[in-house]
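Take a look at the letters that make up each chain.
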Amino acid sequence: MQKLALFLLGIILLSSCNTESNQNDSEKTESQQKTEELMPISQDPHSYARPQEAVITHLKLSLEVDFEQKLLNGIADFDIENKKSVDKIYLDIDGIEIQEVTADGEPTEYELGKPDTHLGQALAVLITPQTKRIRITYQTAPDAKALQWLDSEQTQGKKKPFLFTQSQAILARTWVPVQDSPGIRFTYEATVTVPKDLLALMSAENPKEKNEEGVYHFRMPQPIPAYLLALAVGDLAFEALGERTGVYAEPALLAKAANEFAETEKMLLVAEEMYGTYRWGRYDLLVLPPSFPFGGMENPRLTFATPTILAGDRSLTALVAHELAHSWSGNLVTNATWNDLWLNEGFTVYFENRIMEKIYGKDYADMLALISYLDLKAEVEERIESNPKDTHLKLDLLGRNPDDGVSSIAYDKGFFFLKRLEEMVGREQLDEFLSTYFNHFAFKTIDTEQFLEYLHKNMLDSLSDAQRGKIDITEWVYRKGIPNSLPRIQSERYDEAIAAAALFKEKNELPTKQQVGKWKYQQWEFFLRELPDTLSDEQLQTLDKTFKLSESGNNEILFQWLLHVARNEYKPAYPQMRTFLTTVGRRKFLSPIYKVLLANPKTKNLATEIFEEAKPNYHSVSRNSIQGMILEVQNN
Ligand code: BES
Ligand code: ZN
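Reading the values: the criteria
Residues numbered from 1 in each chain as written. Chains lettered and ligands numbered in written order. Predicted model: local features only at pLDDT ≥ 70, side-chain atom pairs only at ≥ 80, totals over all residues. Heavy atoms only, no water. Pairing = 2+ DSSP bridges. Helix = DSSP H or I, 4+ residues; strand = E, 2+ residues; numbered from the N terminus. Axes fitted to C-alpha atoms, helices over the stretch in contact; angles between N-to-C directions. Donors = N, O, S within 2.8 Å, 3.2 Å for Na, K, Ca; no water. Buried < 20%, exposed > 50% of the residue type's maximum accessible area, 1.4 Å probe, protein only. Domains from an automatic or database assignment. Contact = heavy atoms within 4.5 Å. Buried area = accessible area lost by both parts, 1.4 Å probe. Salt bridge = Lys/Arg side-chain N within 4 Å of Asp/Glu carboxyl O. Polar contact = N/O pair within 3.5 Å; in protein donor to acceptor, adjacent residues only side chain to side chain. Expected span 1.5 Å × (residues − 1). Near = heavy atom within 4 Å. Areas by Shrake-Rupley, 256 points an atom, 1.4 Å probe, with all protein chains shown as cover. Phe/Tyr/Trp six-rings, centres within 6.5 Å; stacked < 30°, edge-to-face > 60°. Lys NZ or Arg CZ within 6 Å of the ring centre and 35° of its normal.

Quick notes on the sheet that holds strand E12 (residues 199-202)
Across the sheet, four strands lie side by side as E9-E10-E14-E12; this open sheet has antiparallel pairing. Strand pairing shows two members of the sheet lacking a second neighbour, strand E9 (147-150) and E12, which therefore form its edges. Sheet twist, expressed as the average angle between the axes of neighbouring strands with direction ignored, equals 10°. Bridge count for E12 against strand E14 (residues 231-234) is four bridges, and the pairing is antiparallel. Residue pairing for E14: Leu 199 is matched across the bridge by Gly 234.

Regarding the coordination of the zinc ion (ligand 2)
Within the protein, the zinc ion (ligand 2) binds to His 322 (NE2), His 326 (NE2) and Glu 345 (OE); these donor distances fall in the range 2.0 to 2.1 Å. When the donors of the zinc ion (ligand 2) are listed by position in the chain, the intervening gaps give H-x3-H-x18-E. There is no split in this pair, since His 322 and His 326 are both buried.

Thoughts on the pairing of strand E16 (residues 245-249)
Where burial is concerned, most of E16 is hidden: five out of the five residues are buried. Burial along E16 is two-sided: the face carrying Thr 245, Val 247 and Ala 249 and the face carrying Gly 246 and Tyr 248 are both buried. Across four bridges, strand E15 (residues 237-240) lies against E16 in antiparallel orientation. Bridge pairing links Ala 240 to Gly 246 in E16. Taking the residues that link successive antiparallel strands as the turn, the E15-E16 hairpin has four residues.

Some remarks on the domain arrangement of the protein
Assigned domains of the protein: these are domain 1 (2-234), domain 2 (236-311), domain 3 (337-490) and domain 4 (532-635). Taken residue by residue, the interface counts ten residues in domain 2 and 13 residues in domain 4. Looking only at domain 2, the three residues that lose the most surface to domain 4 are Ser 291, Pro 293 and Thr 308, adding up to 57% of its buried area. Linking domain 2 with domain 4 are zero salt bridges, by the criterion used here. If you look at where domain 2 meets domain 4, you find four residue pairs in polar contact (both at pLDDT 80 or more).

Regarding helix H21 (residues 620-635)
Counted at 1.5 Å a residue, the expected span for H21 with its 16 residues is 22 Å, and the 22 Å between its end C-alpha atoms agrees. Here H21 has its buried residues at Ser 620, Val 621, Ser 622, Ile 626, Met 629 and Ile 630. Among the structural elements, helix H19 (587-599) and helix H20 (604-614) are those in contact with the buried residues of H21.

Digging into the site of ligand 1
Ligand 1 sits among 15 residues. The nearest are Gln 168, Gly 295, Glu 298, Glu 323 and Tyr 411. One of the side-chain nitrogen or oxygen atoms of Gln 168 is found 2.7 Å away from a nitrogen atom of ligand 1. In the model, a nitrogen atom of ligand 1 is placed 3.0 Å from a nitrogen or oxygen of the Glu 345 side chain. Within the complex, the protein chains bury 90% of what would otherwise be the 520 Å² of accessible surface of ligand 1. At the level of secondary structure, the elements contributing two or more residues to the shell around ligand 1 comprise strand E18 (296-297) and helix H5 (318-325).

Concerning the packing of aromatic side chains
Applying the stated criterion across every chain yields a total of 41 aromatic pairs. The interplanar angle of 55° and the centroid separation of 4.9 Å between the aromatic rings of Phe 238 and Tyr 248 together place this pair among those described as tilted. Of this pair, Phe 238 sits in strand E15 while Tyr 248 sits in strand E16, placing them ten residues apart in sequence. With a relative accessible area of 18%, Phe 238 lands in the buried category. Consider the rings of Tyr 373 and Phe 416, whose centres lie 6.4 Å apart with planes at 85°: the pair is edge-to-face. In this pair, Tyr 373 is assigned in helix H7 (residues 362-383) and Phe 416 in helix H8 (residues 408-425), connecting sequence segments 43 residues apart. For Phe 416, a relative accessible area of 0% puts it in the buried group. Positioned above the aromatic ring of Tyr 90 is the side chain of Arg 50, whose terminal nitrogen or guanidinium carbon lies 4.1 Å from the ring centre.

As for the pattern of salt bridges
Evaluated as defined, the whole model comprises 37 salt bridges. Close ionic contact of Arg 133 with Asp 79 constitutes a salt bridge, the shortest N to O distance being 3.1 Å. With a gap of 54 residues between them, Arg 133 in strand E8 (residues 133-139) and Asp 79 in strand E2 (residues 71-82) connect regions that are remote in the sequence. Taking relative accessible area as the criterion, Arg 133 reaches 34% and is therefore assigned partly exposed. Using a relative accessible area of 25% as the deciding quantity, one classes Asp 79 as partly exposed. One salt-bridge network, in which partners are shared between bridges, spans Glu 379, Arg 383, Asp 390, Arg 400 and Asp 404.

Written out as structure tokens, the structure reads:
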């Protein structure tokens, strides 16, 4: 009886897809009642999946990449496990158009939930206790949030188009109908058809060169969560870096990229030495066009990276260490929900720092730790009044975009918490704990509470009462702001840069060329961050003339410089600022500059004007963030 009702309802929903207004009242109420049922009920507030009832275990994906219409035609075959003999399996979709659904080869009904701005919709597929497989035939929307379709002009080579995905946190559901929760892992295989002159790559075993057919096969034998599904299509070539490592880039950038990342194999070995075998086979990097919204994304086997780290001197490769470290913290042991993001990112910043220390020494790692500290301080200052709970390690993102949780808190407060543990128990013991932890939870998911329980059982309980009493776990994890026990970092190089900034502030005295000749880029960052917000045109001119900051090939330095340019309305460097804002899509750089410009009535219009020009170049992740900032300013 119930089944029949559902069946009929499926038909109603199906046939009323685009004709809401034609529904009569009784149908409307019924469908509304139904849609209310399709709410997230699992532990993960950002997914409609109910993995305790029925869960996906393997995905066989077939994709046709259509550059003309800017969409993907897909067939997703899922092996499923119907744990509770339920009659529906719930998936997540966002903007996807479903064309057909089958269960074990037979057409079956499905229901769509009410669309939510952040979450998209639930897709409930009717199954029986015997169903082993479901197939969903679909098409993506031209504005699918995970996808960025680039015209040839937006690439390095300017001759061929490019497509890439960014699935984390909850955008996989915009290009694959899937149970899009970090707590749900599945293996996958894929066949991807692309224009014949392009290469396709995925977060999987990858081809090294193009083939004549434009058809590529992929296999990911280790189970991964949906946010690690990734695809890139473009004019790409490969160069080996070491036995297990290599880099893909557009041909014009390949040599530069291979030189920049020459130390990747060494990083991999150093990482394995610390926390155990690398479990994913190969580790390759893919250099994306500059509109990539992040610095890096740890797609398994194939880190996606921004070209803004190609500084020419290997100075920004901590990012590689970071994404590589995610192969343990994040990809192997995964945060159960986005409220637990610090388990991914905080651990990874710690691991990244350790890799960099092994390769470049303690002084270098300490400078990175100090940048973490500066970022953390700034983030806490910004959030502590308006949103104190956002400064807890354990977040509460119910009803919000998980993007709100991507802040220095997860990264840098998380990092300092691990440093604090290291300070308490010693490095040796912490390392032993972490190795065991990565092994114990390999290919599993974990939330903050499970981690704390494990931490107590496996490390803290064996400490003396006096030692244990000093570790203020609750304060670190469940309270706001920066705990008093934050480890302090000493660094001569930092002190030197701060002293130089003080001299400039007080006496307008510049560091000598000889002095800065020995500086690492981090010291430029310290120096620039330490300068007062208000600088005179003369001061800015002197700085730029002497040190050629506007032309810096190091994007971290350029970014810090452009912040001063924006704050002080320093017009001589506006052309460089405009070029930066229109070519680079990395949100970490864009948001702070736009924020400054938008806060000043005199530059507000400039910001919106630049945004209008740059918009087609931004991935939805960056575009929506900046658009949000602009709307906020306009509404106030
Ligand atoms: N996994 C993150 C990027 C991310 C986090 C995307 C949350 C969406 C939601 C990646 O590993 C990362 O942290 N990237 C940083 C690199 C940096 C910390 C070295 C970035 O993009 O700036
Ligand atoms: Zn990360």
